[in-house]
Amino acid sequence: MKEAFVNICNIPTHIITCGGWVEETLDDVKEVAICITGHLGHDNPPETSLREVPQLKGNEELFDLDSQVRHKIEFIEKYVPEHTKIHLIGHSIGAWMVLQILRNESVHKRIKKCYLLFPTIERMIESPNGWVFTKIALPLYSVFGFIISLLNRLPEILKVFLVQIYFWFAAIPNYLIGTALKYAKPSVVEKVVFLAEDEMARVRALQRDIIQENMHLLKFYYGTTDGWVPIKYFTQLKEQFPDIDADLDVKKIDHSFVLRYSKPMACIVGDFIIDNSEILGITTS
């Protein structure tokens, strides 16, 4: 596994790869899997880096939903050869971004299959978590912001200790502590909240036209304990598109599966990719 920050849309972007590195040639690669889990501005380079992510204030147009979609398209066009087929994985709002990416003709012709996991592609503000976010979290954001600012002023050892306590109560693995501390930086939190507000305002009606035109490319995976995507969204999708390829989780995996269920979810998605790949899962007699 390799990871580093590369410039996408002139902003440092955290990239993780398995196998070769993105800046190495992919000319001999027939298929590649790209997972949209992180977003522009939500991960800062190391403090020793000369590159910086712009602040939100005065640069709001760099971090909204439209810019996030352009960010993913530029990555694909910059690093993935036109002949390479793409398995595109989108989680949560990343699933909505995948639908928008399909509007791009240059990228569309490279897509092998799209896997939309716990997809927040409609009525986000009407979901239970949407209600909590807009009615409780946003009005109290100044209080949360103060607590986060205070947390970042503490010595590193104390910050780690406090996060460990929370992780213990929430049954979250300790190897995610470093990631949690990076996301708890005020400059990152404000961009996360800004994007979430844009999501509440923009992700409303189901984009039936995109789904209808691309049903052969889409695989949906819904949860049964998802506060962002209630089961009725899955049921209604199946009613509107009876032939759509959509599964309902039976393992009670959380929406934020990366916290506790990354391995079982990886196995599920891995099987999806094998089922749809022209080069994997092939046996000879």
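Taking an unreviewed UniProt entry as the reference, the chain is identified by name as Lipid droplet-associated hydrolase belonging to Glossina palpalis gambiensis. Its UniProt record gives the chain a comment under Subcellular location (unreviewed entry), which states: "Lipid droplet". Taken directly from UniProt, the Sequence similarities (unreviewed entry) text for the chain runs: "Belongs to the AB hydrolase superfamily. LDAH family."

### A word on unusual backbone geometry
Positive phi, close to 55 degrees, is recorded for Cys9, a residue that is not glycine. Along the chain, Cys9 falls in the loop between strand S1 (2-8) and strand S2 (11-17). Of note, the phi angle at Ala171 is positive, near 60 degrees, even though the residue is not glycine. Within the element layout of this structure, Ala171 appears in the loop between helix H6 (156-170) and helix H7 (177-183). Judged by relative accessible area, Ala171 falls into the exposed class, the value being 55%.

### Some points on the pattern of salt bridges
Applying the stated criterion across every chain yields a total of 11 salt bridges. A salt bridge links Arg202 to Asp66; the nearest nitrogen and oxygen atoms lie 2.9 Å apart. Note that Arg202 is positioned in helix H8 (residues 186-202) and Asp66 in helix H1 (residues 65-79), a separation of 136 residues in sequence. Overlapping salt bridges, with partners in common, bring together Asp66, Asp198 and Arg202 in one network.

Reading the values: rules and limits
- Residues numbered from 1 in each chain as written.
- Predicted model: local features only at pLDDT ≥ 70, side-chain atom pairs only at ≥ 80, totals over all residues.
- Heavy atoms only, no water.
- UniProt positions renumbered as here; feature names shortened; annotations may be inferred.
- Helix = DSSP H or I, 4+ residues; strand = E, 2+ residues; numbered from the N terminus.
- Buried < 20%, exposed > 50% of the residue type's maximum accessible area, 1.4 Å probe, protein only.
- Salt bridge = Lys/Arg side-chain N within 4 Å of Asp/Glu carboxyl O.

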